[in-house]
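Here are the chains, one letter per residue:
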Amino acid sequence: MANTTLTADIVAKEAVMVLENSLVMANLVHRGYEEEFGKKVNGYTVGETISIRRPTDFTVRDGATASIQDVTEGKTTFTVDKQKGIDFKFTSQDLTLQIDKLSERVIKPAMIQLANQIDRDLTALYYNVPNHVTIPSGGIDSFADFALAAKRMDLIGIPDSDRYAVLTPTDTWAMLGSQTALYMQDVAKGAYREGNLGRIGGIDTYMSRNLSTHTTGARTGTDTVDTLAQTYLTGHTWATVKDSTAVTFHIDGAASDTASYWKAGDTFTISDLYDVNPVTKARLPHLKMFTVMAAATTSSNEADVTIWPPIIVSGAQQTCDLSTGTLDDNTVTYQGVASTAYDQNLFFHKNAFGLVMVPMVAPPGAVEVGRQSYKGLSVRVIPYYDGTNDESSWRLDVLYGTKCIDPRLAVRASLAADI
């Protein structure tokens, strides 16, 4: 192939295709909201937002007499707030290379870095997810370990289709080791020769180096909730929280006054407060799990902590079943050891998380702007020339937003012991 002077459009086209091939988590999440942003022709800037409707729910009537229910939809927002880029220089000689050579030397390494950043921003949303299973010491090294999260997905009503698991390299190779001993020929061959986990228990399984590690807060003992928490049994209703992403909950009886007593992403249960099936509202065998949404420090051995989900004990949007009828003096139990790091494997339905990537605006004054979109991904490339040194500086940008759309559709899995 003859050498050709490379333009911003050629570089952008190659870059967006390399980006698509380098993504893991970003290829598994919901991308449909890009259609909402797609109504703008000339491009987007940081901070543009759309509203997302939350689904309503209903209770089943018993008997012939009608019982009219209000249709109460909540909403949340999705914001394009992340502009990331890679900047580099080319000489005029470089720009007469064949695109495949330039791609291998410059574009591919740059886009791998951007792809990893996008995946990290998505996996960092783990802290929104309250459902959390503890893997026995040794990691996910058997089908039984893997099934702990899969079972929880079934119990909490996550749809059977479009289920994914993203595991750390350590857990991936531990699970692969367990599959090589199987008598199922194709499964064992894929595990042994290709290092491929494939589909396990109806869940498409992938490995990622970009999963987040959560370090728990400094909580030092057994905490309780007091009579103030009882007010949340009536204060948390779907009407009051339908547009919220966090609610306030009072925890009393903390073991000490400690900075960062709770960290965003800490998960806990409350004694006697059980989870319910999201459709039938029947009590499930495990306690309801909550996640801390923002770091908090105790004062006088207590604090108001922002958590999710809300405690709703009746109605169409019921989240919990309280066996005792009171929260007074109930015990708070945390997952994991205090001030300890845990890798956060993710099991989720496609609609749990969302990614929106949009075309960036062509800025006024830029002489040559390359903008290319491919499979919902968009890259902008702008060169600017240094005549003194005969060098072209190039900036490559992407603009996107990430969101935990529905935390009910995901489960975290981490070790019982510290990492």
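Residues numbered from 1 in each chain as written. Predicted model: local features only at pLDDT ≥ 70, side-chain atom pairs only at ≥ 80, totals over all residues. Heavy atoms only, no water.

Undergrad: Requested: an account of the overall build of the protein, with residues and values cited.
TA: When helices and strands are counted, the protein shows nine helices and 22 strands. Counting the 419 residues in the protein, one finds 47% classified as buried. Sequence-distant contacts, at least 24 apart, represent 79% of the contacts inside the protein between residues at least 6 apart. (Helix = DSSP H or I, 4+ residues; strand = E, 2+ residues; numbered from the N terminus. Buried < 20%, exposed > 50% of the residue type's maximum accessible area, 1.4 Å probe, protein only. Contact = heavy atoms within 4.5 Å.)

Undergrad: Quick one: what's the story with the environment of Val-313, residue by residue and with numbers?
TA: For Val-313, the location among the structural elements is in the loop between β13 (303–308) and β14 (320–322). A relative accessible area of 29% means that Val-313 is categorised as partly exposed. Between the alpha carbons of Val-313 and His-236 there is a distance of 8.8 Å; along the sequence they are 77 residues apart.

Undergrad: Describe the nonpolar core, and please don't skip the residues or the numbers.
TA: Counting 65 residues, the largest nonpolar core has Leu-19, Met-111, Ile-118, Phe-347, Phe-348, Phe-353 and Val-379 as the members making the most contacts within it. In contact with Met-111, other than residues within four places in its own chain, are Ala-15, Val-18, Leu-19, Val-379 and Leu-396. Val-225, Phe-290, Ile-307 and Cys-320 belong to the second-largest nonpolar core, a separate cluster that totals 27 residues. (Core = buried A, V, L, I, M, F, W, Y, C linked by side-chain atoms within 4.5 Å.)

Undergrad: Can you lay out the side chain of Thr-205 for me, pointing to particular residues and giving the numbers?
TA: Mapping Thr-205 onto the fold places it in strand β7 (residues 203–207). For Thr-205, a relative accessible area of 6% translates into the label buried. A polar contact is formed between the side chain of Thr-205 and the backbone oxygen of Ile-203, at a distance of 3.1 Å. Apart from the residues lying within four places of it in its own chain, the contact partners of Thr-205 are Phe-146, Ala-165, Leu-167, Leu-197, Gly-198 and Ile-200. (Polar contact = N/O pair within 3.5 Å; in protein donor to acceptor, adjacent residues only side chain to side chain.)

Undergrad: Account for the packing of aromatic side chains, with residues named and values stated.
TA: For any two aromatic rings, the description comes down to two numbers: the centre-to-centre distance and the angle of the planes. The full count for this structure, using the stated rule, is nine aromatic pairs. Ring pairs connect the aromatic residues Tyr-164, Tyr-206, Phe-348 and Phe-353, which therefore count as one cluster. Its guanidinium or amino end placed over the ring of Tyr-274, Arg-283 lies 4.3 Å from that ring's centre, counting from NZ or CZ. (Phe/Tyr/Trp six-rings, centres within 6.5 Å; stacked < 30°, edge-to-face > 60°. Lys NZ or Arg CZ within 6 Å of the ring centre and 35° of its normal.)

Undergrad: Before we move on, can you summarise the pairing of strand β10 (residues 247–251) with the specific residues and values?
TA: Successive side chains on a regular strand alternate, one facing one side of the sheet and the next facing the other. Burial analysis of β10 places four of its five residues in the buried class, which makes it a mostly covered element. Examined bridge by bridge, β10 and β13 share five bridges and lie antiparallel to one another. Across the sheet, residue Ile-251 finds its bridge partner in β13, namely Ala-303. (Pairing = 2+ DSSP bridges.)

Undergrad: Break down the pattern of salt bridges for me, citing the residues and quoting the values.
TA: In the structure shown here, the tally under the stated rule is eleven salt bridges. Across the salt bridge formed by Asp-154 and Arg-163, the nearest N and O atoms sit 2.8 Å from each other. What makes Asp-154 partly exposed here is its relative accessible area of 48%. Look at Arg-163 and you get buried, because its relative accessible area is 5%. Notably, a salt bridge pairs Asp-243 with Lys-242, separated by 3.3 Å at the nearest N-O pair. On the basis of relative accessible area, Asp-243 is assigned to the partly exposed category, the value being 40%. Residues joined in a network through salt bridges with shared partners are Asp-154, Asp-160 and Arg-163. (Salt bridge = Lys/Arg side-chain N within 4 Å of Asp/Glu carboxyl O.)

Undergrad: Lay out the sheet that holds strand β5 (residues 163–167) with the relevant residues and their values.
TA: The strand order β4-β22-β17-β5-β7-β6 describes an open sheet built from six strands, whose pairing is mixed. The two strands at the open ends of the sheet, each matched to only one other strand, are β4 (132–135) and β6 (198–200). Ignoring strand direction, the axes of neighbouring strands in this sheet form an average angle of 25 degrees. As paired elements, β4 and strand β22 (residues 410–415) share four bridges and run parallel to each other. Considered in β22, the bridge of Thr-134 is made with Ser-414. Each of β4, β5, β6, β7, β17 (345–349) and β22 touches helix α4 (residues 143–155); the most contacted strand, β4, lies at about 165 degrees to it. (Axes fitted to C-alpha atoms, helices over the stretch in contact; angles between N-to-C directions.)

Undergrad: I'd like a description of α4, backed by residues and values.
TA: Relative to the 18 Å expected for 13 residues at 1.5 Å per residue, α4 spans 18 Å between its end C-alpha atoms, a close match to the ideal helical length. Most pronounced at Ala-149, the bend in α4 amounts to some 30 degrees. Within α4, the full set of buried residues consists of Asp-145, Phe-146, Ala-149, Ala-150, Arg-152 and Met-153. One or two positions beyond α4, positive phi appears at Gly-157, with a value near 80 degrees. (Expected span 1.5 Å × (residues − 1). Bend = angle between axes of the 7 residues up to and from the residue.)

Undergrad: Mind laying out the side chain of Ser-378, listing which residues take part and the relevant values?
TA: By the secondary structure assignment, Ser-378 is in strand β20 (residues 377–386). Among the polar contacts listed, one links the side chain of Ser-378 to the side chain of Ser-373, at a separation of 3.3 Å. Those residues within four positions of Ser-378 in sequence are excluded, and the remaining contacts are Val-16, Met-357, Val-358, Pro-359, Gln-372, Ser-373, Asp-397 and Val-398.

Undergrad: Report on helix α1 (residues 8–22), specifying residues and quantitative values.
TA: For α1, spanning 15 residues, the distance from its first C-alpha to its last is 21 Å, which sits close to the expected 21 Å at 1.5 Å a residue. Among all positions of α1, only Ala-8, Val-11, Ala-12, Ala-15, Val-16, Val-18, Leu-19 and Glu-20 are buried.

Undergrad: Can you lay out the confidence of the model for the protein for me, pointing to particular residues and giving the numbers?
TA: Scored by pLDDT, the protein comes out at a mean of 83, with 85% of its residues at no less than 70. Averaged pLDDT values for the elements of the protein fall to 46 in helix α6 (residues 185–194) and rise to 97 in β17. Across residues 187–195, confidence stays below pLDDT 50; counting only partners more than four residues off in sequence or on other chains, it has 15 contacts. (pLDDT = per-residue confidence, 0-100.)

Undergrad: So what's going on with unusual backbone geometry? Which residues, and what values?
TA: The omega angle of the peptide bond from Trp-308 to Pro-309 is 5 degrees, so this bond is cis rather than trans. Counting through the fold element by element, Pro-309 comes out in the loop between β13 and β14. The phi torsion at Asn-301 lies on the positive side, around 65 degrees, for a residue other than glycine. Residue classification places Asn-301 among the partly exposed residues on the basis of a relative accessible area of 31%.

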